Amino acid sequence: MKVLVINCGSSSFKYQLIDMATEAALCSGLVERIGESMGNLVYKAAPGTDHEKKVAKEQPFPNHTAGMQAVMALLVDPEVGVITSLDEINAVGHRIVQGAEKFQAACVVTDAVKAGIEEVAPLAPLHNPAHLQGIEVAQKLLPNAPSVVVFDTEFHATMPPKAFLYAVPYELYKENSVRRYGFHGTSHRFVAEAAATFLNKPHDSFNVITCHLGNGCSLAAVENGKCVDTSMGMTPLAGVMMGTRSGDIDPAILGYLAKHKNMTSAQLDDMLNKKSGLKGICGMNDMRDIHTARESGDEKAQLAFEMFCYSIRKCIGAYFAVLGRVDALVFTAGIGENDDLLREEVCKYLGSFGISILPEVNHKRSGDIRSLSPKDARVPVLVVPTNEELAIARATQSVLSK
Ligand code: AMP
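This part takes up the overall build of the protein chain. Within the protein chain, the regular secondary structure consists of 15 helices and 14 strands. Against the globule reference of 21 Å for 402 residues, the protein chain gives a C-alpha radius of gyration of 21 Å, in line with a compact fold. Reported as C-alpha extents along the three principal axes, the dimensions of the protein chain are approximately 55 × 55 × 45 Å. The buried share among the 402 residues of the protein chain stands at 50%. Long-range contacts, defined here as pairs at least 24 residues apart, represent 61% of the contacts in the protein chain between residues at least 6 apart. For the protein chain, the computed accessible surface area is about 18,700 Å², with 52% contributed by carbon and sulfur atoms.

Here it is in structure tokens:
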């Protein structure tokens, strides 16, 4: 079975074609700046292997359909193609950011499912309408391949009310759907299960704290294989400090700024989502740039790094209190997988929780799942490379086999 995984944004989409027999990506890439005067397309056949072939194109893509048509042409291209006919694509798996309480599991797309995704779109106004566009395009261009939707919020659906409710008037939950939903669920589930397998523990009795630290950052407390709490909230703005997002702040700051700086809700939203986090403190949001700046004595970059690590450490401490027993601590995503200094700084003060890491193992670069801790560590610290596309493809296959 071959599954095309699509992650559609409002003016871009990422894609990957996965062969489920080997779980290898046959190709991957993205199309960006859709609808602008000039767009760009990246296509990689056999990505990450010795025989990778890359195509990069600059051309206008007036809409998502045009972008997808260009990708389809490359998929069957005699030079760089990975299939001979589009009929070889058996299914399409779509990443959907917000499923709210309506969708607690992946499902096959029907008209009712599309209407449901639209109904919850006010909770993810930038994402859900774009995902719907992706579904329409896939259905038009690949009419014989069923589409399956996999929700970012799904893994967090097991949180109990004490964890997902905010201490605001209860009607806001009932009437306006105000609650914590959590995001990055596909990644948290993938790394939690991979960690249990790696440690030879049954998934359903495994307690783990997963730290997804990339452009967006979130942590999850997983008890007996099920999510019981997570740091992102009703939107992906909440929780720990991120690249450009503030994470949690005192909510009264908003009213204060509205009153004293005449800021509108759109300006506040823009500031908290795009001009805060690491970027708000030091002007940079890529951790690699921050390290370069720190090393040359940039004090703001050092402060941003310390604040970031501190915010994650506090959340890990909170989840030790939530879980009681923790079988592993997992780092994943761009920063979690690659940044040894961050892992060292976060773990440094967690010795009393049974956390310790071996510096020589932590500093070694690798793309494999690995433990950073001594063999007898009470709580092993693992690096688990995430693979959201593969998780979506697996979910797609599983839904269709039912
Ligand atoms: P992701 O959203 O998972 O793709 O993560 C992207 C982020 O990972 C980038 O913005 C960088 O901050 C971070 N990142 C990637 N590679 C490294 C690295 N070698 N060291 C530190 N941070 C990294």
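To continue, consider the packing of helix 6 (residues 185–198) against helix 15 (residues 388–401). For the pair helix 6 and helix 15, interaxial distance at closest approach is 9 Å and the crossing angle is 90 degrees. With respect to helix 15, the axis of helix 6 lies roughly perpendicular. Counted together, T186, S187 and F190 of helix 6 and E388, L390, A391, I392 and R394 of helix 15 form the full contact between these two elements. Of the residues contributing to the contact of helix 6 with helix 15, the split by class is four nonpolar, two polar and two charged.

With that settled, consider the pairing of strand 9 (residues 208–213). When you tally the buried positions in strand 9, you get six out of six residues, the bulk of the element. With six bridges connecting them, strand 9 and strand 10 (residues 217–223) associate as antiparallel partners. Each bridged residue has a counterpart across the sheet, and for I209 the counterpart in strand 10 is A221. What sits between strand 9 and strand 10 in their antiparallel hairpin is a turn of three residues. Of the strand pairs in this sheet, strand 9 and strand 12 (residues 328–332) are connected by five bridges, and their pairing is parallel.

Cut-offs used in this document
Residues numbered from 1 in each chain as written. Predicted model: local features only at pLDDT ≥ 70, side-chain atom pairs only at ≥ 80, totals over all residues. Heavy atoms only, no water. Helix = DSSP H or I, 4+ residues; strand = E, 2+ residues; numbered from the N terminus. Rg over C-alpha atoms; globule rule 2.2 N^0.38 Å. Buried < 20%, exposed > 50% of the residue type's maximum accessible area, 1.4 Å probe, protein only. Contact = heavy atoms within 4.5 Å. Areas by Shrake-Rupley, 256 points an atom, 1.4 Å probe, with all protein chains shown as cover. Axes fitted to C-alpha atoms, helices over the stretch in contact; angles between N-to-C directions. Parallel < 35°, antiparallel > 145°, perpendicular 65-115°, else oblique. Nonpolar A, V, L, I, M, F, W, Y, C, P; charged D, E, K, R; others polar. Pairing = 2+ DSSP bridges.

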